[in-house]
Amino acid sequence: MNIILANPRGFCAGVNMAIESLERALALFGSPLYVYHEIVHNRPIVERFRGRGVVFVDDISEVPNGGTVLFSAHGVSPVIRQHATERNLRAIDATCPLVTKVHNEAIRFARDGFTIVLIGHEGHDEVIGTMGEAPANMVLVEDTDDVAALALPADAKLAYLTQTTLSVDEARVVIDALKAKYPQIVGPHKDDICYATQNRQEAVRELVPAADVVVVLGSQNSSNSQRLAELARSAGRASYLIDRATELRDEWFKPTDTVLITAGASAPEDHVQGCVDYLRAKYGAAVESRVVREEHVSFPLPRELRVLANA
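Residues numbered from 1 in each chain as written. Predicted model: local features only at pLDDT ≥ 70, side-chain atom pairs only at ≥ 80, totals over all residues. Heavy atoms only, no water.

1. Quick word on helix 4 (residues 97-111)
Next, step 1: The terminal C-alpha atoms of helix 4 lie 21 Å apart, and with 15 residues this matches the ideal 21 Å at 1.5 Å per residue to within 8%.
Next, step 2: Each element contacted by the buried residues of helix 4 is listed here: strand 6 (115-119), helix 5 (125-131), strand 7 (138-141) and strand 8 (158-162).
Next, step 3: Downstream of helix 4 by a residue or two, Gly113 has a phi angle that is positive, lying close to 85°. (Helix = DSSP H or I, 4+ residues; strand = E, 2+ residues; numbered from the N terminus. Expected span 1.5 Å × (residues − 1). Contact = heavy atoms within 4.5 Å.)

What follows is the structure, given as structure tokens:
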């Protein structure tokens with residue numbers, strides 16, 4: 001057996017910043033410490049922090065008055081920020097700057113009188129937060145069927161935005177459908193889909209022809225991890241999305257297989273290495289690391305934590 005380790009894989013700059021923010025907040029304030037939604041969409045990471053006294057909530061009212069709450073990497077709507085202020089919460093904003101960019105675009109387009117078509121997955125934390133920036137000006141579509149069902153005036157003043165963790169290819173299909181139906185529609189100056197999502201998809205696209213089986217480390221509620229598994233399947237390869245090595249199944253593999261291993265942007269590297277260790281022990285697998293693109297991106301800690309650190 002041969003293992004190809006895709007590079008880049010795993011943590012992106014936004015996830016690194018969010019996790020470091022939570023670590024720093026724990027050191028400063030101790031537990032219980034509250035996080036609005038999961039800090040990132042990764043079950044093992046959430047479990048680790050829960051074991052250290054972090055309380056993940058889906059309603060800001062679950063945070064005691066005057067408590068400390070950290071907003072997850074996926075961002076929140078202005079309503080949630082307002083509720084936090086009204087209840088005198090110490091709020092730490094760990095929203096990924098690339099998500100904040102989409103929020104700011106939504107505000108700008110709404111201010112300029114556009115109706116905004118947001119391409120994304122209904123119910124995703126990021127989509128909920130983005131739509132909250134301009135709920136009266138925004139409609140959500142997931143695919144070309146949704147575009148076909150739009151009943152906006154033919155001459156409407158329209159703009160589109162996208163969830164940052166979509167498949168690049170699928171987003172392009174929806175954008176093309178929007179442009180065909182509404183030629184006047186405008187988009188952001190730069191693509192909303194984040195660099196890390198694009199790079200991880202590019203790595204799978206380039207490396208999957210050499211593989212028989214693809215293993216993606218990531219949680220089921222991780223949009224960008226799901227897209228990696230889907231991309232591999234679209235290339236005709238068996239693809240499995242798992243959280244950790246204990247979920248591997250021997251029936252997925254043959255001793256002669258070449259296995260491509262990658263990880264979504266919120267999946268920790270130790271679980272990648274756990275899979276490598278298992279396949280080495282079970283099949284004597286040889287490991288080759290292939291770099292498709294280098295990444296050198298980092299984001300600063302939230303302003304609230306920088307101020308406290310300087311103090």
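Now, onward.
2. What about the sheet that holds strand 2 (residues 33-36)?
Pairing between the strands of a sheet is mediated by backbone hydrogen bonds and can be parallel or antiparallel.
Next, step 1: Spatially, the 4 strands line up as an open sheet ordered 3-2-4-5, and their pairing is parallel. The open sheet has two free edges, formed respectively by strand 3 (54-57) and strand 5 (90-93), since each of these has just one partner strand. Going across the sheet, the axis of each strand differs from the next one's by a mean of 25°, ignoring polarity. (Pairing = 2+ DSSP bridges. Axes fitted to C-alpha atoms, helices over the stretch in contact; angles between N-to-C directions.)

3. Concerning the environment of Pro183
Next, step 1: Mapped onto the elements of the fold, Pro183 is located in the loop between helix 7 (168-181) and helix 8 (195-207).
Next, step 2: Through-space distance from the C-alpha of Pro183 to that of Ala154 is 9.1 Å; in sequence the pair is 29 residues apart.

4. Some points on the sheet that holds strand 6
Next, step 1: If you walk across this open sheet you meet the 3 strands as 7-6-8, and the pairing is parallel. For this open sheet the edge positions go to strand 7 and strand 8, each flanked by a neighbour on one side alone. For this sheet, the mean angle separating the axes of adjacent strands, direction not counted, is 25°.
Next, step 2: By the bridge criterion, 5 bridges tie strand 6 to strand 8 in an arrangement that is parallel. Bridge pairing in strand 8 links Ile119 to Thr162.

5. So, the packing of helix 8 against helix 9 (residues 223-234)
Axis angle and axis distance: for two packed helices, these are the angle between their axes and the distance between the axes, and together they describe the pair.
Next, step 1: With their axes 10 Å apart at the nearest point, helix 8 and helix 9 run at an angle of 20° to one another. By the criterion of interaxial angle, the relationship of helix 8 to helix 9 is roughly parallel. Handedness of the crossing formed by helix 8 with helix 9: right-handed. Across the interface between the two elements, Thr197, Arg200, Gln201, Val204 and Arg205 from helix 8 touch Asn224, Arg227, Leu228, Leu231 and Ala232 from helix 9. (Parallel < 35°, antiparallel > 145°, perpendicular 65-115°, else oblique. Left-handed = near helix turned anticlockwise from the far one by under 90°.)

6. Description of the nonpolar core
Next, step 1: The biggest cluster of nonpolar side chains holds 26 residues, and the ones touching the most others in it are Leu22, Val35, Ile39, Phe49 and Leu70.
Next, step 2: Element by element, the count of residues in this core is highest for helix 1 (residues 13-29), at 7 residues.
Next, step 3: Setting aside anything within four residues of it in sequence, one finds Leu22 in contact with Leu33, Val35, Ile39, Phe49, Val54 and Leu70.
Next, step 4: Residues Val213, Ala267, Leu279 and Tyr283 belong to the second largest nonpolar core, which totals 20 residues. (Core = buried A, V, L, I, M, F, W, Y, C linked by side-chain atoms within 4.5 Å. Buried < 20%, exposed > 50% of the residue type's maximum accessible area, 1.4 Å probe, protein only.)

7. Quick word on unusual backbone geometry
Next, step 1: Going from Asn7 to Pro8, the amide bond is cis rather than trans, its omega being 5°.
Next, step 2: Among the structural elements, Pro8 can be located in the loop between strand 1 (2-7) and helix 1.
Next, step 3: Residue Pro32 follows Ser31 across a cis peptide bond; omega there is 0°.
Next, step 4: In this model, His37 sits at a positive phi of 70°, which is unusual for a non-glycine residue.
Next, step 5: Here His37 lies in the loop between strand 2 and helix 2 (43-50).
Next, step 6: Within the chain, Asn88 stands out as a residue other than glycine whose phi angle is a positive 60°.
Next, step 7: Along the chain, Asn88 falls in the loop between helix 3 (78-86) and strand 5.
Next, step 8: Given a relative accessible area of 58%, Asn88 falls into the exposed group.

Taken by themselves, the reported measurements are silent on function.
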